[in-house]
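Single-letter residue listing:
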2 protein chains.
Amino acid sequence: MNTDRVKVEIITIGDEILIGQIVDTNSAWMATELNKCGFELAQITSIHDDERHIIESLDLALGRADIVLFTGGIGPTNDDITKQTLAKYFDTRLVFDESVLDNIKQLFSNRPNYGLNDLNRSQAMVPENCTVIQNKVGTAPITWFEKDGKVIVSMPGVPYEMKQVMTSEIIPRLQNHYSAPVLIHKTVQVYGYPESALAIKIADWEKELPAYIHLAYLPNSGVVKLRLSGQLDDVLALQFSINQQVDKLSQLLGKAIVAYEDVSISNLVGDLLKSKGLMVATAESCTGGNIAHELTLIPGSSEFFKGSVVAYSNDIKTGVLQVSSTDLENDGAVSKSVVEQMAEGARKLLRSDVSIATSGIAGPSGGTAEKPVGTVWIAVSSEDKTISREFKFGSLREQNIIRATQAALLMLKEIL
Amino acid sequence: MNTDRVKVEIITIGDEILIGQIVDTNSAWMATELNKCGFELAQITSIHDDERHIIESLDLALGRADIVLFTGGIGPTNDDITKQTLAKYFDTRLVFDESVLDNIKQLFSNRPNYGLNDLNRSQAMVPENCTVIQNKVGTAPITWFEKDGKVIVSMPGVPYEMKQVMTSEIIPRLQNHYSAPVLIHKTVQVYGYPESALAIKIADWEKELPAYIHLAYLPNSGVVKLRLSGQLDDVLALQFSINQQVDKLSQLLGKAIVAYEDVSISNLVGDLLKSKGLMVATAESCTGGNIAHELTLIPGSSEFFKGSVVAYSNDIKTGVLQVSSTDLENDGAVSKSVVEQMAEGARKLLRSDVSIATSGIAGPSGGTAEKPVGTVWIAVSSEDKTISREFKFGSLREQNIIRATQAALLMLKEIL
């Protein structure tokens, strides 16, 4: 499908990704933003700071795509060679650009401890035949080349520098340069089905999707996102058709659909709390503060989030959250009685309207035959009621923390 | 350098990465593990489930590398075509493999709610001329092909499935197949220098590095990792030479070096606490539980982590942590007096030996002229003393949370 969409390729340059020191979060962010604007990503390529390899990758990318976006390899240190390589590729030379130096000076005016140095000055050298875009939040300038109707951009790999320039300069310029077609996405999030069981359940519906709507399954720690992407000249008809398909899906899956948009579960819960004017608190044992962390990543979370007690050791469960030590001794920390008392204790101590509590065995050690690693009790509590449920996740610590966080937020959503 | 190292390429298949729905954490993990074993990653490529593109990418990768590792595109749903494409590429057909079906049956015996379905049965079809490796934790089998002395492997994209089979099967088989050269890495972590200032500071040292030692700068939220990678037939001489270089660096940078190994700061602090038999607690406002989360990601963290109070709202600071309401009113929540009382309050309430407290303006709103977004007060407290410091980070919420977490853990390290 979408053979007529404008195609983009991303090439990341530098050792960091290839030796595994950093995860390439830039490409995911860029892909999301570019897709929203109707551009299609054909390939993402990560290579070393190596002239031959940079040129070979650029040649191949220009053979497949209309736009090539480079990130990285333009820092002040000696291992960065992208600028020189592009100058060579476009058969031009490096020239001094006063406006780039001014921009760097401006940036350094806020950092009295570290003056301008020779390496920074060398960043003001740019290829002669390109458009220079100033970097508002860093020292490396952005360079924009055009060749045979195609666009090649080189920008920094530092995530916030890349995001700033993509949002404010590059995407608007690309939209101006190409008239990207309208692409409509709709995401439905389904909880409680493994991917293959879900595929069987919705097989008939999937078979009857119109050809101009494409379906993707995107599993994500217990939730499967179903993403419908459509493209049609008649945007209203497309919107109508996508809504119709979502309605059918809704009849098919009912309450297993936990969201009709592509937002994180924490954002969904935050919005719901805000709209109801309720404050939440958490009492976390096995999730160790991750529910609080997820909620406080949201800007403005103080409007719905009160605070937490991370009760990792048992004496905090009894001493701070007022869990009965008899119950703790008889039932164990990972139990219905303890997790319910934790939720109630947090709600009262932190004076919130609703609360969440978790207690489980994240692993890798601590499991027993009766309560293996991955066993987690979760409770949610309001003034009216406290409910709890036992979950059996897997054997991987981080995955158990993430899945328990997700399950806890979804349980809270149920009682709101 | 390292032209004689065995070269690997990773090709990820599927829409997920290219539409930005997921971040490619797999490749970073694989790159780290492969590098440790002396393999060199030449390129990482992400492409769609598209036959022509898969074949083209494989051809190009085999032209550059000795080993090609595919991840993804082998799920049970219809959009996955990697298996069929590889069968075609290697000029073979799909045949039924009883052992794969047995493995799937075994996996499903623990999931009574979802029986074996036709899609799972189709996963037991494998290319005829390849080595099949069973997937111990998922339904898609791993296939291993050899051609002209090169190795091509197709494995699942689900992170824990990929990790399980890489660790237990693929890396050992690759080490057996090639005799990978010994590569020694040493990472030194430096805090408090922007990358370019650090480059100037160590320029003379860097110039005199022996040719067989390669240096990489890896900035990471306030810390710059300097990574020395060396390769030499005489392993003892190499080790000696690397140690010598690190000693010189140590004289040059002194206390700015916060670690001599490539571990997270939280792990470093955790190990230090354990070795001293101390328990830590946290009182978190702007970091919202992220310090607790980072510490509890570490297996066995209950040996050094007591718990936390996430005091997001002011009444928790006063009501639970016993911060003076007069001080809170006079100095504001983001102040020396409040953050020190938070640290002391948490240490007493949670009965820990040492504690960390944070209070700041993570943003995007809430800043003032005097205390702009990014202002964070951090305190650490022990029975002997409480110290605090003001930081000015940047304008990005998530980045401020991460940098405050890092700074707080490093401050704790100072008093241990």
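None of these values were measured; they are calculated from a predicted model. (Residues numbered from 1 in each chain as written. Chains lettered and ligands numbered in written order. Predicted model: local features only at pLDDT ≥ 70, side-chain atom pairs only at ≥ 80, totals over all residues. Heavy atoms only, no water.)

**A look at the overall build of chain A**
Part 1: From N to C terminus, chain A includes 16 helices and 17 strands.
Part 2: Each principal axis of the C-alpha distribution contributes one length, and for chain A these read about 80 × 60 × 40 Å.
Part 3: A total of 416 residues make up chain A; the buried ones form 58% of that total.
Part 4: Long-range contacts, defined here as pairs at least 24 residues apart, represent 67% of the contacts in chain A between residues at least 6 apart. (Helix = DSSP H or I, 4+ residues; strand = E, 2+ residues; numbered from the N terminus. Buried < 20%, exposed > 50% of the residue type's maximum accessible area, 1.4 Å probe, protein only. Contact = heavy atoms within 4.5 Å.)

**Section: the packing of aromatic side chains**
Where two aromatic rings form a pair, the distance of their centres and the angle of their planes describe that pair.
Part 1: Counted under the stated rule, the structure contains eight aromatic pairs over all chains.
Part 2: Seen in terms of ring centroids, Phe391(B) and Phe393(B) are 5.4 Å apart; in terms of plane orientation they differ by 15 degrees. Their pairing is stacked. Both residues of the pair, Phe391(B) and Phe393(B), belong to the buried class.
Part 3: Through successive ring pairs, a cluster of aromatic residues spans Tyr89(A), Phe90(A) and Phe145(A). (Phe/Tyr/Trp six-rings, centres within 6.5 Å; stacked < 30°, edge-to-face > 60°.)

**Here's the deal with the pairing of strand β11 (residues 223–230) of chain B**
Residues and elements named next belong to chain B.
Part 1: Counting buried residues along β11, eight of its eight residues qualify, which places the element largely inside the surrounding structure.
Part 2: Residue alternation in β11 divides its side chains into two sets, Val223, Lys225, Arg227 and Ser229 and Val224, Leu226, Leu228 and Gly230, and both sets are buried.
Part 3: Across eight bridges, strand β9 (residues 184–191) lies against β11 in antiparallel orientation. Note on β11: the bridge partner recorded for His185 is Ser229.
Part 4: With eight bridges joining them, strand β10 (residues 213–220) and β11 adopt antiparallel strand pairing. Looking at the pairing, Asn220 lines up with Val223 of β11. (Pairing = 2+ DSSP bridges.)

**Structural notes on the domain arrangement of chain A**
Residues and elements named next belong to chain A.
Part 1: We note that the domain assignment places domain 1 (7–177), domain 2 (184–259) and domain 3 (265–415) within chain A.
Part 2: Of note, the centres of domain 2 and domain 3, computed from C-alpha atoms alone, are 31 Å apart.
Part 3: At the interface, eight residues of domain 2 touch ten residues of domain 3.
Part 4: Each partner contributes to the roughly 650 Å² buried at the junction of domain 2 and domain 3, and carbon and sulfur atoms together form 57% of this total.
Part 5: In terms of surface lost to domain 3, no three residues of domain 2 exceed Tyr191, Ser221 and Val258, which account for 70% of the buried area on that side.
Part 6: Linking domain 2 with domain 3 are zero salt bridges, by the criterion used here.
Part 7: When contributions to the side of domain 2 that touches domain 3 are tallied by element, the ones reaching two or more residues are β9 (184–191) and β12 (257–259).
Part 8: Residue composition of the side of domain 2 that touches domain 3, grouped by class: four nonpolar, four polar and no charged. (Domains from an automatic or database assignment. Buried area = accessible area lost by both parts, 1.4 Å probe. Salt bridge = Lys/Arg side-chain N within 4 Å of Asp/Glu carboxyl O. Nonpolar A, V, L, I, M, F, W, Y, C, P; charged D, E, K, R; others polar.)

**Side note on the side chain of Ser308(A)**
Residue and element names in this part refer to chain A.
Part 1: Among the secondary structure elements, Ser308 is positioned in strand β14 (residues 305–310).
Part 2: The class for Ser308 is buried, based on a relative accessible area of 0%.
Part 3: Looking at Ser308, its side chain comes within polar contact range of the side chain of Thr282, at 2.6 Å. (Polar contact = N/O pair within 3.5 Å; in protein donor to acceptor, adjacent residues only side chain to side chain.)

**Concerning the relation of the copies chain B and chain A**
Part 1: The transform that puts chain B on chain A rotates by 180 degrees and translates by 0.1 Å along the axis, for an RMSD of 0.1 Å. The symmetry that links the two subunits is that of a two-fold axis.
Part 2: Interface residue correspondence from chain B to chain A reaches 100%, placing this contact among same-surface, isologous pairings. (Least-squares fit on C-alpha atoms with pLDDT ≥ 70 in both.)

**Digging into the interface of chain B and chain A**
Part 1: Counting from both sides, the interface comprises 87 residues of chain B and, opposite them, 87 residues of chain A.
Part 2: Summed over both partners, the interface of chain B with chain A comes to about 6900 Å²; 60% of that surface belongs to carbon and sulfur atoms.
Part 3: Our count for the contact surface shared by chain B and chain A stands at six salt bridges.
Part 4: In this structure, the salt-bridge partner of Asp315(A) is Lys306(B), at a minimum N-O distance of 3.1 Å.
Part 5: Counting across the interface, chain B meets chain A through 38 residue pairs in polar contact (both at pLDDT 80 or more).
Part 6: By residue number, the principal contributor to the side of chain B that touches chain A is strand β2 (residues 40–47) of chain B, which donates eight residues.

**Quick look at the environment of Glu261(B)**
Residue and element names in this part refer to chain B.
Part 1: Position of Glu261 among the secondary structure elements: in the loop between β12 (257–259) and α11 (265–276).
Part 2: Considering only alpha carbons, one finds Glu261 and Ser355, 94 residues apart in sequence, at a separation of 25 Å.
Part 3: Not counting chain neighbours up to four residues away, the residues in contact with Glu261 comprise Thr187, Gln189 and Leu268.

**Considering the sheet that holds β12(A)**
All names here are of chain A.
Part 1: Taken together, the four strands give an open sheet; going across it, the order is β10-β11-β9-β12, and neighbouring strands pair in antiparallel fashion. If you trace the sheet from one side to the other, it starts and ends with β10 (213–220) and β12, each paired once. Recorded for the sheet is a direction-independent mean angle of 30 degrees between the axes of neighbouring strands. (Axes fitted to C-alpha atoms, helices over the stretch in contact; angles between N-to-C directions.)

**Details of the nonpolar core**
Part 1: Ranked by size, the top nonpolar core spans 42 residues in total, and within it Val309(A), Leu321(A), Met342(A), Val309(B), Leu321(B) and Met342(B) carry the most contacts.
Part 2: Of all elements in the fold, only β13 (280–284), α15 (336–349) and β16 (375–381) of chain A together with β13 (280–284), α15 (336–349) and β16 (375–381) of chain B reach the threshold of two or more residues within this core.
Part 3: The residues touching Met342(B), leaving out its near neighbours within four places in the chain, are Ala283(B), Glu284(B), Ser285(B), Ala311(B), Lys317(B), Leu321(B), Val323(B), Ala357(B), Thr358(B) and Ser359(B).
Part 4: Of all hydrophobic cores here, the second largest spans 30 residues; its members include Leu273(B), Val280(B), Phe305(B) and Ala408(B). (Core = buried A, V, L, I, M, F, W, Y, C linked by side-chain atoms within 4.5 Å.)

**Notes on the pairing of strand β8 (residues 150–155) of chain B**
All names here are of chain B.
Part 1: Among the six residues of β8, five are classified as buried, and the element is accordingly described as predominantly covered.
Part 2: Inspection of the sheet shows strand β3 (residues 67–71) paired to β8 by five bridges, in the parallel sense. For Val68, the partnering residue across the bridge sits in β8 and is Ile152.
Part 3: Judged from the five bridges that link them, strand β7 (residues 142–147) and β8 form a sheet pairing that is antiparallel.

**Quick look at the environment of Ser359(A)**
Residues and elements named next belong to chain A.
Part 1: Mapped onto the fold, Ser359 is located in strand β15 (residues 354–360).
Part 2: Judged by relative accessible area, Ser359 falls into the buried class, the value being 1%.
Part 3: Taking the C-alpha atoms as reference points, Ser359 and Asp247, 112 residues apart in sequence, are found 37 Å from one another.
Part 4: Not counting residues up to four positions away in its chain, the partners in contact with Ser359 are Ser285, Cys286, Lys317, Ala333, Val334, Val339, Met342, Thr375, Val376 and Trp377.
Part 5: Within the structure, the side chain of Ser359 is placed 2.7 Å from the backbone oxygen of Ala333, a separation counted as a polar contact.

**Things to note about the side chain of Asp97(B)**
Part 1: Along the chain, Asp97(B) turns up in the loop between β4 (94–96) and α5 (98–108).
Part 2: No salt bridge is formed by the buried Asp97(B); its nearest oppositely charged neighbour, Lys83(B), is found at 10 Å. (Lys, Arg positive; Asp, Glu negative; His and termini not counted.)

**Details of the sheet that holds β10(B)**
All names here are of chain B.
Part 1: Taken in spatial order, the four strands make up an open sheet running β10-β11-β9-β12, and their pairing is antiparallel. At either margin of the open sheet sits one strand with a lone partner, and together these are β10 and β12. Between one strand axis and the next, the sheet turns through 30 degrees on average, direction left out of account.
Part 2: The strands that helix α10 (residues 235–253) touches are β9, β10, β11 and β12; relative to β9, the one it contacts most, it runs at about 10 degrees.

**Observations concerning the environment of Gly270(A)**
All names here are of chain A.
Part 1: Among the secondary structure elements, Gly270 is positioned in helix α11 (residues 265–276).
Part 2: A residue is classified by how much of its surface remains accessible, and Gly270, at 1% relative accessible area, is buried.
Part 3: Measuring from C-alpha to C-alpha, the distance between Gly270 and Glu98 comes to 47 Å, with 172 residues separating the pair along the chain.

**Some thoughts on a nonpolar patch on the surface**
Part 1: Taken together, Val137(A), Val158(A), Tyr160(A) and Leu396(B) make up a surface patch of nonpolar side chains, about 290 Å² in accessible area.
Part 2: Relative to the elements of secondary structure, Val137(A) occurs in the loop between β6 (131–133) and β7 (142–147).
Part 3: Classification of Val137(A) by relative accessible area gives partly exposed; the value is 31%. (Patch = residues over 30% accessible without salt bridge, like charges linked within 9 Å, V, L, I, M, F, W, Y side chains within 5 Å. Areas by Shrake-Rupley, 256 points an atom, 1.4 Å probe, with all protein chains shown as cover.)

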